[in-house]
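Topology and contacts: notes
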Amino acid sequence: MGTWGTRNFENDGSLDWVFEMIDAKDGGLIADTLQFSLNKDGLLDTSECEDALAAAETVAALTGKPSEDYPETPLEKLDSLNVLATLALRKLAISVVEKIKLNSEMKQTFTDSGEVEAWFTVQDELIRRLS
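Here's what I pulled together on the structure shown here.

Scoring rules and cut-offs
- Residues numbered from 1 in each chain as written.
- Predicted model: local features only at pLDDT ≥ 70, side-chain atom pairs only at ≥ 80, totals over all residues.
- Heavy atoms only, no water.
- Helix = DSSP H or I, 4+ residues; strand = E, 2+ residues; numbered from the N terminus.
- Rg over C-alpha atoms; globule rule 2.2 N^0.38 Å.
- Buried < 20%, exposed > 50% of the residue type's maximum accessible area, 1.4 Å probe, protein only.
- Contact = heavy atoms within 4.5 Å.
- Lys, Arg positive; Asp, Glu negative; His and termini not counted.
- Charge placed at Lys NZ, Arg CZ, Asp CG, Glu CD.
- Expected span 1.5 Å × (residues − 1).
- Core = buried A, V, L, I, M, F, W, Y, C linked by side-chain atoms within 4.5 Å.
- Salt bridge = Lys/Arg side-chain N within 4 Å of Asp/Glu carboxyl O.

1. Brief notes about the overall build of the chain
On a plain count of helices and strands, the chain comes out with seven helices and zero strands. Element order for the chain, N to C, with α for helix and β for strand: α-α-α-α-α-α-α. For the chain, whose C-alpha radius of gyration is 13 Å, the value lies close to the compact-globule estimate of 14 Å for 131 residues. When the backbone C-alpha atoms are referred to their principal axes, the chain occupies close to 40 × 30 × 25 Å. The burial tally for the chain puts 45% of its 131 residues in the buried class. Taking contacts inside the chain between residues at least 6 apart in sequence as the whole, the part at least 24 apart equals 72%. Across the chain, the centroid of the 12 positively charged side chains sits 8 Å from that of the 25 negatively charged ones.

2. Let's talk about helix α7 (residues 116-130)
Taking 1.5 Å as the rise per residue, α7 with 15 residues should run 21 Å; its terminal C-alpha atoms sit 21 Å apart, in good agreement. On its buried face, α7 sits against α3 (46-62), α5 (87-102) and α6 (105-113).

3. Focus on the nonpolar core
Met21, Ile30, Leu34, Val59, Ile100, Trp119 and Leu130 are the most contacted members of the largest nonpolar core, which has 36 residues in total. Contributions of two or more residues to this core are made by α1 (12-24), α2 (28-39), α3, α5, α6 and α7. In terms of residue count, the dominant contributor to this core is α3 (nine residues). In contact with Leu34, not counting residues within four places along its chain, are Ala52, Ala55, Ala56, Val59, Leu89, Leu92, Ala93 and Val96.

4. Focus on the pattern of salt bridges
Pairing is possible between side chains that carry opposite charge, provided their charged atoms lie close to one another. With the rule as written, the count across this model stands at five salt bridges. Two residues, Asp69 and Arg7, come together in a salt bridge whose shortest N-O distance is 3.6 Å. Taken together, the residues span a long stretch of sequence, with Asp69 in the loop between α3 and α4 (72-77) and Arg7 in the segment before α1 at a distance of 62 residues. When its relative accessible area of 25% is taken as the criterion, Arg7 is described as partly exposed. A salt bridge links Arg129 to Glu57, with the shortest nitrogen-to-oxygen separation between them at 2.8 Å. With Arg129 in helix α7 and Glu57 in helix α3, this pair connects stretches of sequence that are 72 residues apart. We classify Arg129 as buried; its relative accessible area is 9%. A residue is classified by how much of its surface remains accessible, and Glu57, at 2% relative accessible area, is buried.

As structure tokens, then:
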């Protein structure tokens, strides 16, 4: 059984995304993942949300504001990606987080489980770190 919690790295999908990005040495995956999520019509599924939130967390980490649960090994290797957390990339990440908070399968899951307020708090804190 996988891990699951209200923090953005308390699930296997987000952890997998970060480690795959680092292993592939593909910093372009950050913007690609965020842009896909923003452009997708309809509801983002949970897996897409996990990837997008991991990408947004990575942008925050690139600005020197990683979450407490950002995986240590990828965090140490972010500089090797040669990606800058530009204002445009930070705004893109904020837009994606806001979209996920507004209407997504992940939001529905946390609403159904009674944990949506704790999850909103995590996402609001991410938006603050991206601002």
